[in-house]
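Each chain is listed here by its residues.
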Amino acid sequence: MAVAEAQLYAKVSNKHRSKSTSALLESLLAKGFPAHIAQKALVATGQKTIEDAVKWLHSHCNDPSLDDPIPQEYALYLCPTGPLNNRLQEFWKESKRQCGKNRAHEVFPHITLCDFFTCEDQKVELLYDALKRVGDIFSQCFPPSISLTLHASPSYLGFFIDDIHTNVLRDFALAFSSEASALADCHVKPCLKQFHLTLSHKFYPHHQKTLEQLAKCINPEEPCQWVAALYSRDIRFVHYQRLRALFQYKPQNIDELMINAGDFIYVDPTPQCDVSEGWVVGTSHRTGCRGFLPENYTEKAHESDTWVKHREYAFVTASRSSTQTEREPNVKLNGEAHNPSMSRSVTNVLALQNAALRRGVLVMRHGERVDQVFGKSWLQQCLTADGKYYRSDLNFPSALPRRKDSMKQFECDPPLSSCGIFQSRLIGEALLDQDVMVTYVYSSPALRCVQTAQHVLQGLKLNQKVKIRVEPGLFEWTKWEASKVIPHFMTVAELAEASYSIDMSYRGNFPLSSLVPSESYEDYLSRSSVIIKQIIAACPGKGVILIVGHGSSLASLTRPLVGFPNRDSSDFAQMVRKIPSLGMCFCEELKEENKWQMVNPPVKTLTHGANAAFNWRNTIVED
């Protein structure tokens, strides 16, 4: 990265700098900001207002790259607005919900006119002039509508532009390239290949049919006003992963990064060898500062979330004004533009698909376990001198179930904390509110999983009707067991004696004796794939099959069910670390198509903060 930046510095430093200044720049100069930093702030905020630029400057006061003369990259896109764009946004939302994220979701609907090119900060206004000049020239000949033809392949779905309109778009891109090169001294490469508007890209082949059904709901002849829009991005982070902060994090050490909820973070995708587990090194888009941050405070963001929109040219034609009143009204639902006809057409597709649904599988991680809060030595904190259990903190369970072997076995097979019990019951109540019909329940033999299943059933008010099938094959990847041996689980008889609703007639597909310590990743995935198929085969009819397992269960059980390929072991471990207590995945069966699809779980996630131990004497009384 340092070599690339050095080359950029040399290239920019040797360029002749324009001496023309804008009113916005003059205002910043009057406030005492150096010219090159003021120009960088204006470019970073799209040269819209003084307030935006000043706010950016204050946020970046500690940015180590503030003085670096690295230009932004710019691209020119033709973007739809109005009813057609509303339909496309509905497709974006539904395709992501039903088939998961694909490459097209990284950017908004658009047709690429000129791909990314660099332009010096002091010459960006000349790019705006180039767009305005070329737009004015083509405004009279720009087509009132653009003919779009749906094209599908196993990895691509989108609209191709018909030849007659392709020629106009190509001429416009060439004219902008020529004008920008002449005015702003930029090397702009216009798009000369097949113009297209991508709907989905690099998706799993078995999703093609579903995506095509959704795409056919889009009427490409919907009224649309096309705008040529100029966007920019930071050239330093083109290949970086983008994360969005979910919560505020205040640094505890000097090398940590301050983040606010909603901040975007750039993270180098290459392996970070010197970073502790659960942490990443990132650069804040808001402040430009770099440091460590907890990865579980973030979620993946889209590539275009950090782009800046500069200027746009709207093509208005005479024929469009006469059809303006013929557009269907856009209703706003939850603050988002919503097109009634699109909703009806998508709803029809969903109705056809839902008619084929017969079963659902809800895979859930167990609730909060005591050693997650109090550490591996939790049991020592709860035993009297004569070996009896007592509750040393309210987050310890009020009692431990009886077991015939030593109480010490709880160290490797810990129970839920009091909060874990509450979490599980709360999830059950939420499932009940959503009228989720659970007909079968399977659990890992780990006590924390059996307890989670029990309290979810209590929340569902099904603990007297549905029995828990304890399946040893659902235990987590044994390589992760710190003791390097398989824990001594409570027997089903002991669990039943402890008043857990256990199906005593069930015989597991994998006996406990088949679990081996430190199994390979491939063996674990094979075990999970076999067990989910056996569970599905054993549970005919309608309803939801609830499976309570471990963090690793969410991927190892659902991915083979829906046909996703396996992750490699390092990616798998990174993913599992992000799964919280009661994290869940939901799959629905499309019986007519003989397949399963992953969809949103029927209830929302459960998020809460930490609550540290409190000693009133040390805190309040003593100095």
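Our structure's up above, just so we're on the same page.
Reading the values: the criteria
- Residues numbered from 1 in each chain as written.
- Predicted model: local features only at pLDDT ≥ 70, side-chain atom pairs only at ≥ 80, totals over all residues.
- Heavy atoms only, no water.
- Pairing = 2+ DSSP bridges.
- Helix = DSSP H or I, 4+ residues; strand = E, 2+ residues; numbered from the N terminus.
- Axes fitted to C-alpha atoms, helices over the stretch in contact; angles between N-to-C directions.
- Buried < 20%, exposed > 50% of the residue type's maximum accessible area, 1.4 Å probe, protein only.
- 1 Å grid on protein atoms, 1.4 Å probe; cavity = no way out; pocket = protein on both sides within 12 Å on 5 of 7 lines; lining within 4 Å.
- Points joined across faces, edges and corners; volume = space filled by probe spheres on them.
- Nonpolar A, V, L, I, M, F, W, Y, C, P; charged D, E, K, R; others polar.
- Phe/Tyr/Trp six-rings, centres within 6.5 Å; stacked < 30°, edge-to-face > 60°.
- Lys NZ or Arg CZ within 6 Å of the ring centre and 35° of its normal.
- Expected span 1.5 Å × (residues − 1).
- Patch = residues over 30% accessible without salt bridge, like charges linked within 9 Å, V, L, I, M, F, W, Y side chains within 5 Å.
- Areas by Shrake-Rupley, 256 points an atom, 1.4 Å probe, with all protein chains shown as cover.
- Salt bridge = Lys/Arg side-chain N within 4 Å of Asp/Glu carboxyl O.
- Contact = heavy atoms within 4.5 Å.

Which residues make up the sheet that holds strand 8 (residues 264–267), and what values go with them?
Taken in spatial order, the 5 strands line up as 10-9-8-7-11 in an open sheet, and their pairing is antiparallel. Only two strands of the sheet have a single neighbouring strand rather than two, namely strand 10 (290–294) and strand 11 (298–300). In this sheet, neighbouring strand axes are inclined to one another by 45 degrees on average, regardless of whether the strands run parallel or antiparallel.

For unusual backbone geometry, give the residues involved together with the corresponding values.
Backbone geometry at Gln-47 places phi at a positive 50 degrees, although glycine is not the residue there. Positionally, Gln-47 belongs in the loop between helix 3 (35–44) and helix 4 (50–59). Relative accessible area serves as the criterion here: at 6%, Gln-47 is assigned to the buried category. Phi angles above zero are rare outside glycine, and Lys-202 is one such case at about 55 degrees.

Pulling in residues and values, what's your account of the layout of surface pockets?
Empty space among the atoms can be located by rolling a probe the size of a water molecule over them. Taken as a whole, the second largest pocket encloses approximately 790 Å³ of empty space. Within the residue set of the lining of the second largest pocket, elements represented by two or more residues are strand 2 (111–119) and strand 5 (196–201). Class assignment of the residues belonging to the lining of the second largest pocket gives a composition of 13 nonpolar, 6 polar and 6 charged.

I'd love a proper account of the pairing of strand 18 (residues 543–549), names of residues and values included.
Looking along a regular strand, one sees the side chains alternate between the two faces of the sheet. With respect to burial, strand 18 is a largely interior element, 7 of its 7 residues being buried. Here strand 16 (residues 438–443) runs beside strand 18; their pairing, made up of 5 bridges, is parallel. Among the inter-strand pairings, Ser-443 is bridged to a residue of strand 18, identified as Val-548.

Please provide a residue-by-residue account of the packing of aromatic side chains, values included.
All chains considered together, the criterion is met by 33 aromatic pairs. When the centroid spacing of 6.4 Å and the interplanar angle of 55 degrees are considered together, the rings of Tyr-231 and Trp-307 count as tilted. Separated by 76 residues along the polypeptide, Tyr-231 in strand 6 (residues 225–234) and Trp-307 in the loop between strand 11 and strand 12 (308–314) bring together distant segments of the chain. Like Trp-307, Tyr-231 is buried. Aromatic ring contacts, followed pair by pair, group Tyr-77, Phe-108, Phe-116, Tyr-231 and Trp-307 into a single cluster. Above the face of the Phe-116 ring, Arg-233 is positioned so that its terminal group lies 3.6 Å from the ring centre. The ring of Phe-410 carries the charged tip of Arg-403 above its face, separated from the ring centre by 5.0 Å.

Outline helix 7 (residues 163–184), listing residues and values.
For helix 7, built from 22 residues, the straight-helix expectation of 32 Å at 1.5 Å per residue is met to within 8% by its first-to-last C-alpha distance of 31 Å. Here helix 7 has its buried residues at His-165, Thr-166, Val-168, Leu-169, Phe-172, Ala-173, Phe-176, Ser-177, Ala-180 and Ala-184. Note on helix 7: the residue one or two positions beyond its end, Asp-185, has a positive phi of about 55 degrees.

Can you tell me about a nonpolar patch on the surface, naming the residues and giving the values?
Where nonpolar side chains cluster on the molecular surface, the patch consists of Phe-614, Trp-616, Ile-620 and Val-621 and spans about 480 Å² of accessible area. Tracing the backbone through its elements, the reader meets Trp-616 in helix 18 (residues 616–621). Note on Trp-616: relative accessible area 47%, which makes it partly exposed.

Describe the sheet that holds strand 5, listing the residues and the values that go with them.
Taken together, 3 strands build an open sheet; the order of strands is 3-4-5 and the sheet is antiparallel. Of all strands in the sheet, those bounded by a partner on one side alone are strand 3 (148–152) and strand 5. When the angles between neighbouring strand axes are averaged without regard to direction, this sheet yields 15 degrees. Relative to strand 5, strand 4 (residues 156–161) runs antiparallel, the two sharing 5 bridges. Within strand 5, the position partnered with Gly-158 by the bridge is Thr-198. Helix 5 (residues 83–99) rests against strand 3, strand 4 and strand 5 of the sheet, and its axis sits at about 20 degrees to strand 5.

Requested: an account of the environment of Gly-551, with residues and values cited.
Within the secondary structure, Gly-551 sits in the loop between strand 18 and helix 16 (553–562). Residue Gly-551 is classed as buried on the basis of its relative accessible area, which comes to 6%. Through-space distance from the C-alpha of Gly-551 to that of Gly-583 is 7.6 Å; in sequence the pair is 32 residues apart. If we skip the residues at most four places from it in the chain, Gly-551 touches Arg-365, Val-576 and Ile-579.

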